[in-house]
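Remarks on the overall topology
Below are the chains, spelled out letter by letter.
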Amino acid sequence: SQKIEQNSEALNIQEGKTATLTCNYTNYSPAYLQWYRQDPGRGPVFLLLIRENEKEKRKERLKVTFDTTLKQSLFHITASQPADSATYLCALDQNNNAGNMLTFGGGTRLMVKP
Amino acid sequence: GAGVSQSPSNKVTEKGKDVELRCDPISGHTALYWYRQSLGQGLEFLIYFQGNSAPDKSGLPSDRFSAERTGGSVSTLTIQRTQQEDSAVYLCASSSLSDASYEQYFGPGTRLTVT
């Protein structure tokens, strides 16, 4: 089965800096990888999807990279704001299943200080 | 439009009782998923429904857990003879697989506490 590792320690950064979160996985290479944001007491919200044949994907201040050799994805938030403070979850598809069932990492909590 | 809704938002039950959790997916979404999230943990996949196909139950932790989806829309997750280790937030998500976007839309979850 797939194992996903995200840094369980909170990441504290200063407003305006770039936050970089890491997602490492073992076993098979997924067809795609997704990043979600979760605020306390709420369900996760989809942010970005990157496919196995894509190296990088951008959306506004967000950037995701996908290195299938290293089995790693990096998630960047540039010009971070206190409103970016949340838990960020990495999720991978479960081995080319047709139903898009996802395996989630434990998430990394980001704290952006003003 | 309306998102995914779940009810109740909170449920406290005594050990050994049965509970039912409800999920209303986004209208038109053919895929529906149940996940469980324990305190400070990631999401654990439980069960998946797609259209009229038989559900994928591979994530259910024991035979005390079951789920059904009526009319391809509303889903109910049932936990029989609840145990304290069942305490968690139960999240439902739906997805439209037709556009190959694979984005899952989550509800706010039901926080279950077994005393």
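Residues numbered from 1 in each chain as written. Chains lettered and ligands numbered in written order. Predicted model: local features only at pLDDT ≥ 70, side-chain atom pairs only at ≥ 80, totals over all residues. Heavy atoms only, no water.

**Overview of the overall build of chain B**
- The number of helices and strands found in chain B is zero helices and 10 strands.
- Listing every helix and strand of chain B by position from the N terminus yields β-β-β-β-β-β-β-β-β-β.
- In terms of C-alpha radius of gyration, chain B reaches 14 Å, essentially the compact-globule figure of 13 Å for 115 residues.
- C-alpha extents for chain B along the principal axes are approximately 45 × 25 × 25 Å.
- For chain B, the residues scored as buried account for 48% of the 115 residues in total.
- Partitioning the contacts of chain B with sequence separation of at least 6, the portion at a separation of at least 24 is 55%.
- When the 10 positive and 12 negative side-chain charges of chain B are each reduced to one mean point, those points stand 6 Å apart. (Helix = DSSP H or I, 4+ residues; strand = E, 2+ residues; numbered from the N terminus. Rg over C-alpha atoms; globule rule 2.2 N^0.38 Å. Buried < 20%, exposed > 50% of the residue type's maximum accessible area, 1.4 Å probe, protein only. Contact = heavy atoms within 4.5 Å. Lys, Arg positive; Asp, Glu negative; His and termini not counted. Charge placed at Lys NZ, Arg CZ, Asp CG, Glu CD.)

**Points about the nonpolar core**
- In this structure, A:L33, A:W35, A:F75 and A:Y88 are the most contacted members of the largest nonpolar core, which totals 22 residues.
- Contacts of A:F75, omitting those with residues within four sequence positions, involve A:A19, A:T20, A:L21, A:W35, A:L47, A:L62, A:K63, A:V64 and A:Y88. (Core = buried A, V, L, I, M, F, W, Y, C linked by side-chain atoms within 4.5 Å.)

**Description of the state of the cysteines**
- Per the stated rule, a full pass over the model turns up two disulfides over all chains.
- Shown here is the disulfide that connects A:C23 with A:C90, its sulfur atoms set 1.9 Å apart. Looking along the S-S bond of the A:C23-A:C90 disulfide, the torsion reads about -50°, which is the left-handed sense. Note that A:C23 is positioned in strand β3 (residues 19-25) and A:C90 in strand β9 (residues 86-93), a separation of 67 residues in sequence. A:C90 carries the same exposure label as A:C23, and that label is buried.
- Each sulfur of the disulfide joining B:C23 and B:C92 lies 1.8 Å from the other. Taking the sign of the S-S torsion, about -60° here, the bridge from B:C23 to B:C92 comes out left-handed. One end of the pair, B:C23, is in strand β3 (residues 19-24); the other, B:C92, is in strand β8 (residues 88-95), and 69 residues separate them in sequence. (Disulfide = S-S within 2.5 Å.)

**A word on the pairing of strand β4 (residues 32-38) of chain A**
Residue and element names in this part refer to chain A.
- By the criterion of burial, β4 is predominantly enclosed, with seven of the seven residues buried.
- The alternating pattern of β4 places Y32, Q34, Y36 and Q38 on one face and L33, W35 and R37 on the opposite face, and all of these are buried.
- Bridging between β4 and strand β5 (residues 45-51) involves six bridges; their strand directions are antiparallel. Note that in β5 the partner of W35 across the bridge is L48.
- The loop that links β4 with its antiparallel partner β5 comprises six residues; one of these, G41, has a positive phi angle of about 75°.
- Sheet topology places β4 next to β9; six bridges connect them, and they run antiparallel. From the neighbouring strand, Q38 faces β9, where its bridge partner is T87. (Pairing = 2+ DSSP bridges.)

This is a description of form; function is not addressed.
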